[in-house]
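# A look at the structure
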Amino acid sequence: MKTRGQETILKLPKFCLVTLIGVTGSGKTTFARKHFHPLEILTSDSFRAVVSNDENSMEASQDAFEVLHLILQKRLSRNLLTVIDATSIQSFARRKILDIAGEIGAPTVAIILNVPEKTCIERTLQRTDRPFGAKVVREHFEFLRQTLTSIYTEGFDLVYILEGVEIISNTRLDFVDEPIEHQGDVRRELRGDIKEIDTRY
Ligand SMILES: Nc1ncnc2c1ncn2[C@@H]1O[C@H](COP(=O)(O)OP(=O)(O)OP(=O)(O)O)[C@@H](O)[C@H]1O
Ligand SMILES: [Mg+2]
(Lines give C-alpha, C1' and ligand atoms only; values in the text may rest on other atoms or scores of the structure.)
(Ligands and ions follow the chains in the order given, each with its own letter.)
Protein backbone atom coordinates (compact mmCIF):
# COMPACT_ATOMS: atom_id res chain seq x y z
CA MET A 1 0.00 0.00 0.00
CA LYS A 2 1.31 3.40 -0.96
CA THR A 3 0.28 6.94 -0.29
CA ARG A 4 1.06 9.28 -3.17
CA GLY A 5 -0.04 12.84 -2.57
CA GLN A 6 -3.62 12.53 -1.45
CA GLU A 7 -4.04 9.15 -3.07
CA THR A 8 -3.91 5.80 -1.32
CA ILE A 9 -3.06 2.88 -3.57
CA LEU A 10 -4.01 -0.65 -2.55
CA LYS A 11 -2.29 -3.51 -4.34
CA LEU A 12 -4.55 -6.46 -5.05
CA PRO A 13 -3.87 -9.66 -6.96
CA LYS A 14 -5.71 -9.80 -10.28
CA PHE A 15 -7.40 -12.93 -9.03
CA CYS A 16 -8.61 -12.92 -5.47
CA LEU A 17 -11.58 -12.84 -3.18
CA VAL A 18 -12.17 -9.34 -1.86
CA THR A 19 -14.27 -9.07 1.29
CA LEU A 20 -15.51 -5.59 2.02
CA ILE A 21 -16.17 -5.13 5.72
CA GLY A 22 -18.11 -2.28 7.26
CA VAL A 23 -21.22 -1.30 9.16
CA THR A 24 -24.39 -0.28 7.38
CA GLY A 25 -23.83 3.08 5.73
CA SER A 26 -20.04 2.84 5.71
CA GLY A 27 -20.02 2.92 1.90
CA LYS A 28 -19.35 -0.67 0.84
CA THR A 29 -21.74 -0.69 -2.10
CA THR A 30 -20.52 2.72 -3.24
CA PHE A 31 -16.90 1.56 -3.00
CA ALA A 32 -17.61 -1.69 -4.85
CA ARG A 33 -19.36 0.09 -7.71
CA LYS A 34 -16.55 2.60 -8.03
CA HIS A 35 -13.74 0.06 -8.23
CA PHE A 36 -15.10 -3.16 -9.69
CA HIS A 37 -17.09 -4.45 -12.65
CA PRO A 38 -20.74 -5.12 -11.76
CA LEU A 39 -20.33 -8.84 -12.54
CA GLU A 40 -17.50 -9.06 -10.01
CA ILE A 41 -19.67 -7.85 -7.14
CA LEU A 42 -21.88 -10.16 -5.08
CA THR A 43 -24.12 -7.93 -2.99
CA SER A 44 -26.10 -9.56 -0.18
CA ASP A 45 -29.00 -7.12 -0.70
CA SER A 46 -29.35 -8.19 -4.33
CA PHE A 47 -29.59 -11.82 -3.31
CA ARG A 48 -32.17 -10.99 -0.63
CA ALA A 49 -34.15 -9.35 -3.42
CA VAL A 50 -33.67 -12.32 -5.74
CA VAL A 51 -34.97 -14.83 -3.22
CA SER A 52 -37.71 -12.72 -1.57
CA ASN A 53 -38.52 -9.71 -3.77
CA ASP A 54 -37.30 -7.46 -0.94
CA GLU A 55 -33.67 -6.45 -0.55
CA ASN A 56 -34.33 -5.32 3.02
CA SER A 57 -35.88 -8.58 4.13
CA MET A 58 -33.48 -9.77 6.85
CA GLU A 59 -35.64 -12.88 7.20
CA ALA A 60 -34.37 -13.89 3.75
CA SER A 61 -30.70 -13.66 4.74
CA GLN A 62 -30.05 -17.38 5.06
CA ASP A 63 -31.40 -18.21 1.61
CA ALA A 64 -29.72 -15.14 0.14
CA PHE A 65 -26.31 -16.15 1.47
CA GLU A 66 -26.71 -19.74 0.35
CA VAL A 67 -27.12 -18.48 -3.22
CA LEU A 68 -24.34 -15.92 -2.82
CA HIS A 69 -21.94 -18.57 -1.50
CA LEU A 70 -22.75 -20.91 -4.36
CA ILE A 71 -22.00 -18.24 -6.95
CA LEU A 72 -18.85 -17.26 -5.08
CA GLN A 73 -17.65 -20.85 -5.25
CA LYS A 74 -18.43 -21.09 -8.99
CA ARG A 75 -16.65 -17.84 -9.80
CA LEU A 76 -13.55 -18.56 -7.73
CA SER A 77 -13.36 -21.99 -9.37
CA ARG A 78 -12.98 -20.14 -12.67
CA ASN A 79 -10.26 -17.90 -11.24
CA LEU A 80 -12.51 -14.85 -11.45
CA LEU A 81 -11.96 -12.00 -9.05
CA THR A 82 -15.00 -11.70 -6.82
CA VAL A 83 -16.03 -9.05 -4.32
CA ILE A 84 -18.37 -9.72 -1.41
CA ASP A 85 -20.46 -6.65 -0.67
CA ALA A 86 -22.09 -7.52 2.64
CA THR A 87 -21.41 -6.16 6.11
CA SER A 88 -19.17 -9.16 6.99
CA ILE A 89 -18.79 -7.72 10.48
CA GLN A 90 -19.52 -11.07 12.13
CA SER A 91 -16.75 -13.63 12.24
CA PHE A 92 -18.99 -16.56 11.19
CA ALA A 93 -19.79 -14.74 7.93
CA ARG A 94 -16.11 -14.23 7.17
CA ARG A 95 -15.29 -17.81 8.18
CA LYS A 96 -17.69 -19.18 5.59
CA ILE A 97 -16.27 -17.19 2.70
CA LEU A 98 -12.70 -17.89 3.80
CA ASP A 99 -13.53 -21.59 3.80
CA ILE A 100 -14.87 -21.39 0.23
CA ALA A 101 -11.78 -19.49 -0.94
CA GLY A 102 -9.52 -21.89 0.97
CA GLU A 103 -10.96 -24.95 -0.74
CA ILE A 104 -10.15 -23.38 -4.10
CA GLY A 105 -6.86 -21.81 -3.07
CA ALA A 106 -7.97 -18.29 -3.94
CA PRO A 107 -6.00 -15.43 -2.38
CA THR A 108 -8.09 -13.50 0.14
CA VAL A 109 -8.15 -9.78 0.80
CA ALA A 110 -10.15 -7.94 3.46
CA ILE A 111 -10.84 -4.24 3.03
CA ILE A 112 -12.33 -2.64 6.11
CA LEU A 113 -14.14 0.66 5.65
CA ASN A 114 -13.90 2.30 9.05
CA VAL A 115 -16.08 5.39 8.98
CA PRO A 116 -17.00 7.31 12.17
CA GLU A 117 -20.17 6.13 13.86
CA LYS A 118 -21.66 9.62 13.67
CA THR A 119 -21.26 9.72 9.88
CA CYS A 120 -22.83 6.28 9.45
CA ILE A 121 -25.80 7.27 11.61
CA GLU A 122 -26.28 10.50 9.66
CA ARG A 123 -26.15 8.64 6.37
CA THR A 124 -28.52 5.94 7.56
CA LEU A 125 -31.10 8.44 8.79
CA GLN A 126 -31.02 10.15 5.38
CA ARG A 127 -31.59 6.98 3.43
CA THR A 128 -35.03 6.32 2.10
CA ASP A 129 -34.18 2.82 0.85
CA ARG A 130 -33.48 1.30 4.25
CA PRO A 131 -35.48 1.29 7.47
CA PHE A 132 -32.48 0.93 9.80
CA GLY A 133 -32.06 3.50 12.56
CA ALA A 134 -29.21 4.59 14.79
CA LYS A 135 -29.66 1.55 17.06
CA VAL A 136 -28.72 -0.85 14.26
CA VAL A 137 -25.65 1.22 13.40
CA ARG A 138 -24.53 1.09 17.05
CA GLU A 139 -25.02 -2.66 17.16
CA HIS A 140 -22.96 -2.99 13.99
CA PHE A 141 -20.16 -0.96 15.57
CA GLU A 142 -19.92 -3.47 18.41
CA PHE A 143 -19.28 -6.18 15.83
CA LEU A 144 -16.85 -3.96 13.95
CA ARG A 145 -14.81 -3.36 17.11
CA GLN A 146 -14.53 -7.12 17.62
CA THR A 147 -13.57 -7.50 13.96
CA LEU A 148 -10.74 -5.00 14.29
CA THR A 149 -9.17 -7.07 17.05
CA SER A 150 -9.56 -10.46 15.37
CA ILE A 151 -9.15 -9.79 11.66
CA TYR A 152 -5.40 -10.37 11.50
CA THR A 153 -5.62 -13.90 12.82
CA GLU A 154 -8.57 -15.13 10.79
CA GLY A 155 -6.65 -16.21 7.72
CA PHE A 156 -6.93 -13.35 5.22
CA ASP A 157 -3.78 -13.02 3.12
CA LEU A 158 -4.05 -9.25 3.10
CA VAL A 159 -5.90 -6.90 5.39
CA TYR A 160 -6.39 -3.25 4.50
CA ILE A 161 -8.06 -0.91 6.93
CA LEU A 162 -9.18 2.37 5.43
CA GLU A 163 -9.81 4.87 8.17
CA GLY A 164 -12.20 7.67 7.44
CA VAL A 165 -14.22 9.08 4.58
CA GLU A 166 -11.41 11.04 3.00
CA ILE A 167 -9.04 8.10 2.65
CA ILE A 168 -11.82 5.89 1.33
CA SER A 169 -12.73 8.48 -1.31
CA ASN A 170 -9.10 8.88 -2.37
CA THR A 171 -8.24 5.21 -2.66
CA ARG A 172 -7.21 3.62 -5.93
CA LEU A 173 -6.82 -0.10 -6.54
CA ASP A 174 -3.80 -1.42 -8.38
CA PHE A 175 -4.28 -4.96 -9.70
CA VAL A 176 -1.00 -6.81 -9.87
CA ASP A 177 0.14 -10.11 -11.38
CA GLU A 178 2.36 -11.17 -8.50
CA PRO A 179 0.80 -13.65 -6.12
CA ILE A 180 0.50 -12.75 -2.47
CA GLU A 181 3.36 -14.24 -0.51
CA HIS A 182 2.05 -16.51 2.17
CA GLN A 183 4.50 -15.62 4.92
CA GLY A 184 1.99 -15.70 7.68
CA ASP A 185 -0.03 -12.56 7.71
CA VAL A 186 1.30 -9.47 6.00
CA ARG A 187 -0.51 -6.68 7.68
CA ARG A 188 -1.13 -3.44 5.92
CA GLU A 189 -3.29 -0.78 7.31
CA LEU A 190 -3.76 2.90 6.99
CA ARG A 191 -4.81 4.98 9.93
CA GLY A 192 -5.32 8.65 9.30
CA ASP A 193 -2.26 9.84 7.47
CA ILE A 194 0.09 7.33 9.05
CA LYS A 195 1.12 4.45 6.85
CA GLU A 196 2.05 1.19 8.46
CA ILE A 197 3.35 -1.91 6.77
CA ASP A 198 4.29 -4.48 9.26
CA THR A 199 5.08 -8.18 9.01
CA ARG A 200 3.72 -9.99 11.99
CA TYR A 201 5.63 -13.23 11.94
N1 LIG B 1 -17.53 8.46 0.17
C2 LIG B 1 -18.80 8.86 0.40
N3 LIG B 1 -19.06 10.17 0.57
C4 LIG B 1 -20.31 10.56 0.81
N5 LIG B 1 -21.37 9.75 0.89
C6 LIG B 1 -21.16 8.45 0.73
C7 LIG B 1 -19.86 7.93 0.47
N8 LIG B 1 -19.95 6.58 0.36
C9 LIG B 1 -21.25 6.31 0.54
N10 LIG B 1 -21.96 7.42 0.75
C11 LIG B 1 -23.42 7.50 0.97
O12 LIG B 1 -23.72 6.80 2.16
C13 LIG B 1 -24.90 6.02 2.00
C14 LIG B 1 -24.57 4.57 2.27
O15 LIG B 1 -23.61 4.12 1.31
P16 LIG B 1 -23.61 2.61 0.84
O17 LIG B 1 -24.96 2.21 0.39
O18 LIG B 1 -22.49 2.48 -0.14
O19 LIG B 1 -23.27 1.91 2.23
P20 LIG B 1 -23.20 0.37 2.56
O21 LIG B 1 -22.00 0.17 3.43
O22 LIG B 1 -23.29 -0.42 1.31
O23 LIG B 1 -24.51 0.16 3.45
P24 LIG B 1 -25.36 -1.18 3.65
O25 LIG B 1 -24.54 -2.09 4.54
O26 LIG B 1 -26.61 -0.72 4.36
O27 LIG B 1 -25.63 -1.79 2.31
C28 LIG B 1 -25.39 6.24 0.57
O29 LIG B 1 -26.41 7.19 0.58
C30 LIG B 1 -24.16 6.78 -0.15
O31 LIG B 1 -24.51 7.65 -1.19
MG1 LIG C 1 -24.66 -1.79 0.61
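Up top is the structure these notes are about.
Residues numbered from 1 in each chain as written. Chains lettered and ligands numbered in written order. Predicted model: local features only at pLDDT ≥ 70, side-chain atom pairs only at ≥ 80, totals over all residues.

## Quick notes on the site of ligand 1
- Lining the immediate environment of ligand 1, one finds 16 residues, of which Thr-24, Gly-27, Lys-28, Thr-29 and Thr-30 sit closest.
- Elements with a contribution of two residues or more to the shell around ligand 1: α1 (28-35) and α7 (165-169).
- In the shell around ligand 1, the residues fall into two nonpolar, nine polar and five charged. (Near = placed C-beta within 6 Å. Helix = DSSP H or I, 4+ residues; strand = E, 2+ residues; numbered from the N terminus. Nonpolar A, V, L, I, M, F, W, Y, C, P; charged D, E, K, R; others polar.)

## Considering the environment of Ser-169
- Within the element layout of this structure, Ser-169 appears in helix α7.
- Expressed as a C-alpha distance, the spacing of Ser-169 and Phe-31, which sit 138 residues apart in the sequence, is 8.3 Å.

## Side note on the environment of Val-51
- Within the secondary structure, Val-51 sits in helix α2 (residues 44-52).
- In sequence terms Val-51 and Ala-64 are 13 residues apart; their C-alpha atoms lie 6.2 Å from each other.
- Apart from residues lying up to four places away in sequence, Val-51 is in contact with Ala-60, Asp-63, Ala-64 and Val-67. (Contact = placed C-beta atoms within 7 Å.)

## Comments concerning unusual backbone geometry
- Not every positive phi belongs to a glycine, and Asn-79 is a case in point at roughly 60°.
- By the secondary structure assignment, Asn-79 is in the loop between α3 (61-77) and β5 (82-85).
- A count of 12 C-beta atoms within 10 Å places Asn-79 in the exposed class.
- Residue Ser-88 is not a glycine yet carries a positive backbone phi of 50°.
- With respect to the element layout, Ser-88 can be found in the loop between β5 and α4 (91-104). (Buried ≥ 20, exposed ≤ 12 C-beta atoms within 10 Å, placed from the backbone.)

## Here's the deal with the packing of α2 against α3
- Following both chains from N to C, one finds α2 and α3 inclined at 110°, their axes separated by 8 Å at the closest point. Compared by their axis directions, α2 and α3 come out roughly perpendicular. Classified by chirality, the crossing of α3 by α2 is right-handed. Residues Ser-44, Phe-47, Arg-48, Val-50 and Val-51 of α2 pack against Ser-61, Asp-63, Ala-64, Phe-65, Val-67 and Leu-68 of α3.
- Here the residues of the contact of α2 with α3 are counted per class, giving seven nonpolar, two polar and two charged. (Axes fitted to C-alpha atoms, helices over the stretch in contact; angles between N-to-C directions. Parallel < 35°, antiparallel > 145°, perpendicular 65-115°, else oblique. Left-handed = near helix turned anticlockwise from the far one by under 90°.)

## Re the pairing of strand β6 (residues 108-114)
- Among the seven residues that make up β6, seven are buried, leaving the element largely enclosed by the rest of the structure.
- Residue alternation in β6 divides its side chains into two sets, Thr-108, Ala-110, Ile-112 and Asn-114 and Val-109, Ile-111 and Leu-113, and both sets are buried.
- Across five bridges, strand β3 (residues 17-21) lies against β6 in parallel orientation. Bridge assignment links Ile-21 to a residue of β6, and that residue is Ile-112.
- Sheet topology note: the β6/strand β7 (residues 158-163) ladder contains six bridges and is parallel. The residue bridging Ile-112 from the neighbouring strand is Ile-161, located in β7. (Pairing = 2+ DSSP bridges.)

## A short note on α1
- Considered for burial, the residues of α1 that qualify are Lys-28, Phe-31 and Ala-32. Axial view of α1: buried residues confined to an arc of 100°, hence all on one face.
- As for α1, its buried residues are in contact with β3, β4 (41-43), β5, β6 and α7. (Arc of directions from axis to C-beta.)

## Considerations on helix α6 (residues 134-150)
- Taking 1.5 Å of rise per residue, the 17 residues of α6 would be expected to cover 24 Å, and the 25 Å separating its terminal C-alpha atoms lies within 8% of that figure.
- Buried residues of α6: Val-137, His-140, Leu-144 and Thr-147, and no others. Along the axis of α6, the buried positions cluster into a sector of 65°, meaning they face one direction only. Opposite its buried face, α6 presents the exposed residues Lys-135, Glu-142, Arg-145, Thr-149 and Ser-150, each directed more than 90 degrees away.
- Structurally, α6 contributes buried residues whose contacts are with β3 and α5 (117-126). (Expected span 1.5 Å × (residues − 1).)

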